[in-house]
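As a plain string of letters, each chain reads:
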Amino acid sequence: MSPSSEQVMGVLTKVEEPELRRSLTDLGMIRDVEVRRRKVSVTVALPAADSASRVEISTRVRAAVAGLGGVKDVAVNFVVMNPQEAEALTRTAATPGGPRRSASIPVSAGAPAAGNSQPGATAPRSPLGHEQGRANPFGTNSRTRVIGISSGKGGVGKSTVTVNLAVALAQAGHDVALLDADVYGFSVPGMLGITEEPTVSDLKMTPPEAHGVRCMSMGFFLEDEQPVVWRGPMLHKALEQFLVDVDWGDPEFLLVDMPPGTGDVALSMAQYLPTSEMYVVTTPQPAARKVAQRSAYMAKKLKLPMRGVIENMSWWRSPGGEREYIFGQGGGTQLAEELGVTLLGQIPLDTAVREGGDSGAPITVTASDSEASHAFANLAKAVAGKGRTRVFHPELTVR
Ligand SMILES: Nc1ncnc2c1ncn2[C@@H]1O[C@H](COP(=O)(O)OP(=O)(O)OP(=O)(O)O)[C@@H](O)[C@H]1O
Ligand SMILES: [Mg+2]
């Protein structure tokens, strides 16, 4: 005798979503159960069509339902949640019992339903969702120069440099976008003074713009002061959407405030942005060796070319007009030598630079004639002047 749909629902309460570790029924992911002449059909709603959990969910549902007596065949169908449903899912997942915190981002708004999926029949997961015909706007044929800004250690002014370099490039007439990929320490929207959120239309998110720079950041999708505890696939998915589902408008430059280290996020970035050029921000302390090792290691691991060094906090101008080398001297030059690249710019330490970051009015906008703004303008010229040739440095070794 075939089971009732209530019995099928009963076993589904024990099937966990592999990533969120909550039952599919708890998460509201079961859309429909149909039983017809010992054939059971279960429809599962996914937050995105190419959800990494799809195959595993299908396997688990089939195994659980097949365990009921009297079942001859199990079909698992998938549909895609609308953004509101996806948001509700992440909210449920974040309640006690689920992961401590997950962000809600508009997930594949309007993406077509995934259709019937038998295990093994699922299309291989493409890193950029090609199975839905969504193309990576920053693939190898793109005109965009992707400028990854990294640092060998925290707090050296990576985000400050990224934001002001972006504004300086825009002021020089370039079409500029900025991706805040520092998902755990996002600070770019605040530094650019962006308060509005991206607008979401049927299929795309449109990034807000400030001072001529279009910007996308995880910060737009999180409540203030919430610690971000992303789980791998969700993060991967979010980064993918930041690139594929955002209407970037074919910019000339995409600056990327890189995540620290060479973890999953950085690897995803490198995979999604295969033409990235890497630039390292450092301070003048002559402790470059360690930073050089880390940077070289990163470039090698991510398989991206290292193209230049930017020294920040190089000197402070005393009221008498003298340069004072508060953090020492020579760190940038030394690091550039170690990496076999050029020192592209030196940015002075200036209270107005910090204030600009804190208030969301970058110094390059508020005091374009200041020494720091000139330094950023020269840096922009140097970066633009380098051209887009990919330069690999075989001498870059990991020690
Ligand atoms: N040239 C500068 N002059 C004065 N203050 C600066 C300068 N560069 C950065 N700062 C200040 O130093 C602090 C750290 O800068 P920022 O947040 O840009 O660093 P970061 O490398 O991105 O840090 P994290 O590793 O935490 O992401 C900020 O308060 C910023 O305003
Ligand atoms: Mg930062």
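Criteria and cut-off values
- Once a new chain begins, its residue numbering starts again from 1 and follows that chain's sequence as written.
- Written order decides the labels, with chains lettered from A and ligands numbered from 1.
- Owing to the predicted nature of the model, reporting of local features is limited to residues with pLDDT of at least 70; listing and counting of side-chain atom pairs is limited to 80 or more, with chain, interface and lining totals taken over all residues.
- Neither water nor hydrogens contribute to the side-chain values; these are computed over all heavy atoms in the structure.
- A helix here means a DSSP run of H or I that spans at least four residues, while a strand means a run of E at least two residues long, and both kinds are numbered starting from the N terminus.
- Partly exposed residues are those whose accessible area sits between 20% and 50% of the maximum for their type, while under 20% is buried and over 50% is exposed, using a 1.4 Å probe and protein chains only.
- By the convention used here, residues are in contact when the closest approach between their heavy atoms is within 4.5 Å.
- Reported accessibility uses the Shrake-Rupley method at a 1.4 Å probe radius. Residues are deemed covered only where the shown protein chains occlude them.
- Per residue, pLDDT measures the predictor's confidence, with a range of 0 to 100.
- For this description, a residue counts as near a given molecule or strand if any of its non-hydrogen atoms is within 4 Å of it.
- For this analysis, a polar contact is any N or O atom pair within 3.5 Å, provided that within protein one partner can donate a hydrogen and the other can accept it, and provided that sequence-adjacent residues contribute only side-chain to side-chain pairs.
- When the centres of two rings from Phe, Tyr and Trp lie within 6.5 Å, Trp using its six-membered ring, the rings pair. Their planes under 30 degrees apart give stacked, over 60 give edge-to-face, and anything left gives tilted.
- As a reminder, the over-ring test applies to NZ of lysine and CZ of arginine, requiring each to be within 6 Å of the ring centre and within 35 degrees of the ring normal.
- To estimate how far a helix should extend, the number of its residues minus one is multiplied by 1.5 Å.
- What the arc describes is the spread of directions from the helix axis to the C-beta atoms.
- Here, a salt bridge means any side-chain nitrogen of Lys or Arg that lies within 4 Å of a carboxyl oxygen of Asp or Glu.
- We call a set of buried residues a nonpolar core when its members are Ala, Val, Leu, Ile, Met, Phe, Trp, Tyr or Cys and they connect through side-chain atoms within 4.5 Å of each other.
- All axes here are fitted lines through C-alpha atoms, helices being fitted over the stretch that makes contact, and every angle between N-to-C directions spans 0 to 180 degrees.
- Angle categories: roughly parallel below 35 degrees, roughly antiparallel above 145, roughly perpendicular from 65 to 115, and oblique for all the rest.
- Handedness of a crossing follows from how the near helix is turned relative to the far one, being left-handed for an anticlockwise turn of less than a right angle and right-handed for a clockwise one.
- Note on residue classes: Ala, Val, Leu, Ile, Met, Phe, Trp, Tyr, Cys and Pro are nonpolar, Asp, Glu, Lys and Arg are charged, and everything else, Gly too, is polar.

1. Side note on the overall build of the chain
A tally of regular secondary structure across the chain gives twelve helices and 15 strands. The 399 residues of the chain split such that 52% are buried. Within the chain, counting contacts between residues at least 6 apart in sequence, those at least 24 apart form 78% of the total. Carbon together with sulfur atoms contributes 51% to the accessible area of the chain, which is approximately 17,200 Å² in total.

2. Examining the confidence of the model for the chain
A residue-level look at the chain finds 83% of positions with pLDDT of 70 or above and a mean pLDDT of 82. Of the regions scoring below 50 in pLDDT, residues 97–133 engages in 105 contacts with residues more than four places distant in sequence or in other chains. Segment residues 391–399: pLDDT under 50, and 21 contacts once partners within four positions in sequence are set aside and those in other chains are kept.

3. Quick word on the side chain of Ser150
Tracing the backbone shows Ser150 in strand S5 (residues 145–151). Those residues in contact with Ser150 that sit more than four places away from it in its chain are Lys158, Met258, Met278, Tyr279, Val280, Val281 and Met298.

4. Some remarks on the site of ligand 1
Of all residues adjacent to ligand 1, which total 16 residues, the nearest are Lys158, Ser159, Thr160, Asn312 and Pro348. Take Asp350: an N or O atom from its main chain is 3.0 Å from a nitrogen atom of ligand 1. Look at ligand 1: alone it shows 630 Å² of surface, and the protein chains cover 76% of it. Among the elements of the structure, helix H4 (158–171), strand S13 (306–317), strand S15 (342–349) and helix H10 (351–359) are those that each provide at least two residues to the shell around ligand 1. At three residues, the largest contribution of residues to the shell around ligand 1 is made by H4.

5. Remarks on the packing of aromatic side chains
Aromatic ring pairs: the centre-centre distance and the angle between the two ring planes describe each pair. Applying the stated criterion across every chain yields a total of one aromatic pair. Their ring planes at 65° and their centres at 6.0 Å tell us that Phe138 and Trp248 sit as a pair that is edge-to-face. Pair noted here: Phe138 is in the loop between strand S4 (115–116) and S5 and Trp248 is in the loop between helix H6 (232–244) and strand S11 (253–257), with a separation of 110 residues, a long-range link. Across the pair, Trp248 and Phe138 agree in class, each one buried. For the cation-ring pair, Arg323 lies above Trp315, with the distance from its terminal atom to the ring centre recorded as 3.5 Å.

6. Here we look at helix H3 (residues 83–94)
Here H3 spans 17 Å end to end across twelve residues, near enough to the 16 Å set by a 1.5 Å rise per residue. Burial in H3 covers these residues: Pro83, Ala86, Leu89, Thr90 and Ala93. Across the axial projection of H3, the buried residues extend over an arc of 120°, all falling on one side. With respect to the buried face of H3, the exposed residues turned more than 90 degrees away are Gln84 and Arg91.

7. So, the pattern of salt bridges
Per the stated rule, a full pass over the model turns up 13 salt bridges. Between Glu34 and Arg36 there is a salt bridge, with its nearest N and O atoms 3.5 Å apart. The closest approach of N and O atoms between Asp250 and Arg143, which form a salt bridge, is 3.7 Å. On the criterion of sequence distance, the pair formed by Asp250 in the loop between H6 and S11 and Arg143 in the loop between S4 and S5 is long-range, its members being 107 residues apart. For Arg143, a relative accessible area of 44% corresponds to the partly exposed category. Here the salt bridges do not stand alone but share partners, grouping Arg143, Asp175, Arg214 and Asp250 into one network.

8. So, the nonpolar core
Within the largest apolar cluster, 78 residues are counted, with the highest numbers of intra-cluster contacts made by Leu179, Leu192 and Leu254. If you tally residues by element for this core, the top one is H4, at eight residues.

9. Overview of the packing of helix H1 (residues 5–12) against helix H2 (residues 54–66)
Direction vectors running N to C along H1 and H2 enclose 125°, while the axes themselves pass 9 Å from each other. The angle between H1 and H2 places the two elements in the oblique class. The element H1 and its partner H2 pack so that their crossing is right-handed. Here Val8, Val11 and Leu12 of H1 come into contact with H2, specifically with Val61, Ala64 and Val65. In the contact of H1 with H2, the residues fall into six nonpolar, no polar and no charged.

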